Each structure stands twice: as structure tokens, then as C-alpha cells.
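Structural characterization, general
Spelled out, the chains give:
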Amino acid sequence: MQNSCKTTQRGCFRLIILKEPAKPWLVRHSAQWCKNGASGSLTTLPEVRHPILPKARYIEGAPHRMSRYTRFPPKAQSSKEPLPASRSRAGDLTENGPSRAAPQGRDAASAPSARHPVVANDRLSPMVWIFLASLLIPILFSVGSLKLAPVRIVLLIAVVPVLIAWISGKCGRIRLADIWLLLLAFWMFVTFNLDGGHSTFRYSMLTVIEVIAPYLLARTYIRSQAQYEALLRILFWIAVILLPAAAIESFTKIRIYNMIVDPIFSTFPWANYEPRLGLYRAQTVFEHPILYGVMVAFFTLPVFTLFRQSNGWAASLLRTSPILLATFLSLSAGAWMGAILQALLSLYKIILRNVPWRWWLALGGVITLYFVVLFGSNQPVFQFFSGKLAFDSHTAYHRYLIWIYGWENVWQAPLFGRGLADWDRPIWLYSPSIDNLWLVFAIRHGLPGLIFILGAYVTVVCTLIWARPQSETVRAYREALVFALIGLAVALVTVHLWSATFNFIIFMLGAGMWMRDVPQEDGSSSADPATDQRRGAAPNTPITARGGHLRPVNSRTTNNSPRNRS
């Protein structure tokens, strides 16, 4: 047993660290307060759970040096005053510990405030399980002129409940990204229905639901660290389950899951592409190899970060290897690009972790590279980069032609776009596909549609960047998700998404918004730093999270730092 005692002029704080020999990784902390100096009687402090210190005990009236996780009282209350009296509210901290109404949460840092209610427990909702399972069912059936898949049926069932939850405030406060997506859905409905027709109306309604429902589904049911971790574990197992089928398909062209479903239901046809690197492109249960590759590549770094919380670098990389192998078997340059950018951004952050302006440096480097290529290359910028990132020069040049003629279509109908009409192109450019998601939105829905989708995407990324969660684990998850979204945004310049993969990406845009609602480093739990003061709390009063747990606060961010205390 190791003892540590810190004294002040009026009292003594004793921190006792207990280590179990059989479990050296388990450290238990306890604390005792001596009111009348070192010779006075010792009073055991109430116990509060903490995610890092499982047996840490806190006190609200102790001197500053006692703990960096303590929220201190106002300056007017001196250390020689007795401990605060028990509070009458259910769930608040008392001298005898938390009241019986206080649930013991697994992470006080991610406890919600009263302004941001969440679900009653940390278990993942069955709706999320059903949604993720529906992405993996390769079944198609028609209702009239509409083609339906299991994921569309799930979204049709879920759209009304999640809309009600969003309106009632169960998703937390309304964010700017929510407004951007609603504007996008409204504009898509308008542009699709300019030509009229019942079939167009039904298709536009399904498209609107596919934009709104996955995002609000994530906003409603992914509201805590535990739920987000459960989501990442499911995504990992999805990659593991699909990997054997992908490997068999890459070597033999045999699609296992589709062979099982095909005798009973209609399924997706095989995308008959030429082999690359001596292998066939695996598409597993998706319509196209690009859809499979982009989906599994997206959660590479988030899942690695999940494993990194309890494993070393080598073990985490080994556990993430099924996702890396699945991304490789898709043989899609867009999917590879997204995964590689995630790794590069993560390494850049680690190497320059001590440089506070590292991201401004990175932005300046990107801008400089753009102008160097613009003035120093005999090729247009898009053609130059697409040629470097594609598997072959023919594919790169084809994407460059799509870029040129696609923007000609945009300027022909810049406001409402072309809707569901085919885009104009030379007769020798026979393929109708457009390998650029951003360009597809500009052609179909005009420049407003492009602005709305970019506004929603950029707003989600900026919301996560501006979030400053108190929990180090949540901050790691936030960085991984931001890097994944940035890598995907670049990859979407070379690929188009639809069907299940598009629904999944919209879902992931909302899956990280809870990180802005948890308690932040400035003591707030929302974008407005004065939230707690509007609820009636003084700026420096002890603030407890819901359930009676003290919010762990870095002492450097409080008004009780050594520079501000007399």
C-alpha cells in the first residue's frame, strides 16, 4: 500500500492508493479528510464512480491540490468550513455518499445534462440492430414501379418515431446539421417532382425518407459512449462475417450469400468487372464492389480507436486487420483512398501532437499543393490527382470526362437540376454512371442541392471538431470519426453511393452528434457555455451530472486554477 498526504494551512487531505498484487492493473483510490489538522479525527469521504479511477472518492470543499478532477466551490467558501450539508434533491451527492436514487453510470464524463435527455440505459436500441441487419440482406422486391429492399422497409417504419423524438427534444438540442439535412430533403422532393407523375412522387418520398430517417435514427438511439462503443463492435463483426464470403468471391467469383437468397428472392446481379491485381472485385451482399469497400473502409479508424482503449498498438492493429483485408478485397481505389487518408491524418496528429497550429499547417499545405499543381502542371488539377489515385490511366481519364461534361449539365440547369432525367454527354461516353457523389447531387438537384449536402456534411464535421469532451476516451472517438469523415469526403469525389451504403453513411453522420452534448471541458454540456447558469447555477458552484456523479473537470479549465485562487 502506498500513502500520499498533502497538507494545507487549515487541513489535511490524505489520498490512499491501494494496489492488489494479483491484479497490478487494478488501482483503487480512497480519500480521507482531516478537519482539524493532521491530529484531528478522520472522516471518510463519500464515494463516486469515475471511469478511470474505479474507486476514486471526491469532496466538494477540499483544497485545490487534492485532485485535478474536483469541481470546487465558490471562493467565498473557505477550506476551514465544514463539509457541505446533505442535499435534498434525489440523486445528489451527500455526506453519506450518493442517494439511493442515483444510478451508477459507467462514465460520469458522458452523463447527460437535464437539457439533453437521453435514453434510460446504455444498451443499444433494437432499432439500431434491425437497421444494421437490414443493410446486409441482399433481397429486392417490387411494389408497383418501386423497388424495395429490407433497409427501406425499416426506414419507413422508423421515420415517424424518430421524427417525434427529434421534435420532442429526446435527441438533444436541434443542431445546424439537422436543418441542413431537412433543407436537402425538401429540395430533393421539389426537384424530383417538377416533371410530375405518381411514380415520381412515390420515389421522391422514399428518397426523402432515406435522407432523414437514418440520420435521426442515429441521433435518437446513439446518445452515450456505451451505445457508440456497442455500435462500433457491431460494425467490426459485420466486417468479420462478410470477410470469408469476400475472400471466396475474390478467388472464385462465387457469391455465397446471394446463392442462398437467389432461389427464393430476387437479388443483386453480379457486377462483372475485369480482374484487378489477379483478383475479382468482391461485392458480397451489396450491389457494387465500391459500396462494399467504402462501407467497411469508413469504420477502419473508429474501430481501431475502440480497440486502442484496451490494447497496445500492435494488438489493436491485429484486431482491425479483418477490416483492412475486407477493404483490400473490394479492389476499389475510392475505398483504399478513404482508409489511407484516415491513417495519414492519424499519424500526422501523433507526429505533430506538440504543435498547437498543426491543422492550420496542414490546411496551408493543401492550398499550396493545389496552386503548385494548378500553375506547374500541364494537366487540369482534377485530371492530375485522379490520374495519380486511379488504378489505371483509362479509369482516370474517364472520370475526368465525367467531371467536364457533368458540370456542363449543372450549368444548363443550375437551380433545379435535371431531376431523374438522364444527363447529356457525347454518344461515345456510353456509361450513364457518374463516379462522383457531389457531382450527382449538383446534376440532379442543382447548385442548391449541392450546397445543402455539403452544408450538412461540413457542419457535422465542424460540430465534432468544436466539441471538447471532458473524457479522453470520447475525445479519441471524436478524432477518429472526424478523420473518417474527412477521408470519405475526399473519396466521394471519385465514387458514388446509393442504396444501403448511402443509408449507412447518413446514419454515421448522426452517430457522433452525442459527443457535443456530453459535458465539455469548459463545464458546459452544450454549444452555449452559459447553459448551466441559465438553469440557475452559479459559475463556480459544484455541478453534478444526472444521477449524482460529480463531473470530472480538468482543473486548468476552471476558475479555481492556481492563478485565480488567492
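Going by the structure above, here's the rest.
This write-up is about the structure you can find in this document. (Residues numbered from 1 in each chain as written. Predicted model: local features only at pLDDT ≥ 70, side-chain atom pairs only at ≥ 80, totals over all residues. Heavy atoms only, no water.)

Scanning the chain from terminus to terminus reveals 17 helices and 8 strands. In the chain, which comprises 566 residues, the proportion classed as buried is 51%. Carbon and sulfur atoms provide 63% of the accessible area of the chain, an area that totals close to 27300 Å². (Helix = DSSP H or I, 4+ residues; strand = E, 2+ residues; numbered from the N terminus. Buried < 20%, exposed > 50% of the residue type's maximum accessible area, 1.4 Å probe, protein only. Areas by Shrake-Rupley, 256 points an atom, 1.4 Å probe, with all protein chains shown as cover.)

Further remarks concern the packing of aromatic side chains. Using the criterion set out here, one finds 25 aromatic pairs in the structure. With a centroid separation of 5.7 Å and an interplanar angle of 75 degrees, the aromatic rings of Phe189 and Phe201 are classed as edge-to-face. Taken as a pair, Phe189 in helix H3 (residues 176–192) and Phe201 in helix H4 (residues 198–221) lie far apart in primary sequence, 12 residues in all. Given the relative accessible area of 25%, Phe189 is considered partly exposed. Where Phe236 meets Phe307, the ring centres are 5.1 Å apart and the plane angle is 90 degrees; that geometry is what we call edge-to-face. With Phe236 in helix H5 (residues 225–252) and Phe307 in helix H8 (residues 300–308), the pair connects residues that are 71 residues apart, well separated along the chain. Here Phe307 falls in the buried class, since its relative accessible area comes to 6%. Within the aromatic cluster, the residues linked to one another by ring pairs are Trp180, Trp187, Phe416 and Phe452. A cation over a ring is seen here: Arg319 above Phe307, with NZ or CZ 4.1 Å from the ring centre. (Phe/Tyr/Trp six-rings, centres within 6.5 Å; stacked < 30°, edge-to-face > 60°. Lys NZ or Arg CZ within 6 Å of the ring centre and 35° of its normal.)

This next bit is on helix H1 (residues 126–134). Listed as buried for H1 are Val128, Phe131, Leu132 and Ser134. Looking down the long axis of H1, one finds its buried residues gathered within 160 degrees of arc, a one-sided arrangement. (Arc of directions from axis to C-beta.)

Turning to unusual backbone geometry, a few remarks are in order. Despite not being glycine, Leu277 has its phi angle at roughly 55 degrees, a positive value. One can find Leu277 in the loop between helix H6 (256–261) and helix H7 (289–298). Overall, the relative accessible area of 59% leaves Leu277 in the exposed class. Phi angles above zero are rare outside glycine, and Leu331 is one such case at about 50 degrees. Mapped onto the elements of the fold, Leu331 is located in the loop between helix H9 (313–329) and helix H10 (333–351).

In this section: H7. Given 3.6 residues per turn, any residue in an α-helix points the same way as the ones three and four places further on. Counting buried positions along H7 yields 10 of 10 residues, so the element is predominantly enclosed. Taken together, the buried positions of H7 are Pro289, Ile290, Leu291, Tyr292, Gly293, Val294, Met295, Val296, Ala297 and Phe298.

Our focus in this paragraph is empty space enclosed by the protein. To locate leftover empty space, one rolls a probe as large as a water molecule over the atoms. Applying the stated rule across the entire model yields 8 cavities of 30 Å³ or more. When its volume is computed, the largest cavity comes out at roughly 80 Å³. Lining the largest cavity are 15 residues, with Leu135, Phe268, Val285, Ser499 and Ala500 sitting closest to its centre. Elements that contribute at least two residues to the lining of the largest cavity include exactly helix H2 (150–168) and helix H16 (499–511). When residues of the lining of the largest cavity are assigned to their parent elements, the largest contribution, 3 residues, is made by H16. (1 Å grid on protein atoms, 1.4 Å probe; cavity = no way out; pocket = protein on both sides within 12 Å on 5 of 7 lines; lining within 4 Å. Points joined across faces, edges and corners; volume = space filled by probe spheres on them.)

On to the side chain of Thr320. For Thr320, the position within the fold is in helix H9. At a separation of 2.6 Å, a polar atom in the side chain of Thr320 contacts the main-chain carbonyl oxygen of Ser316. Other than its neighbours up to four places away in sequence, Thr320 contacts Thr300, Phe304 and Phe307. (Polar contact = N/O pair within 3.5 Å; in protein donor to acceptor, adjacent residues only side chain to side chain. Contact = heavy atoms within 4.5 Å.)

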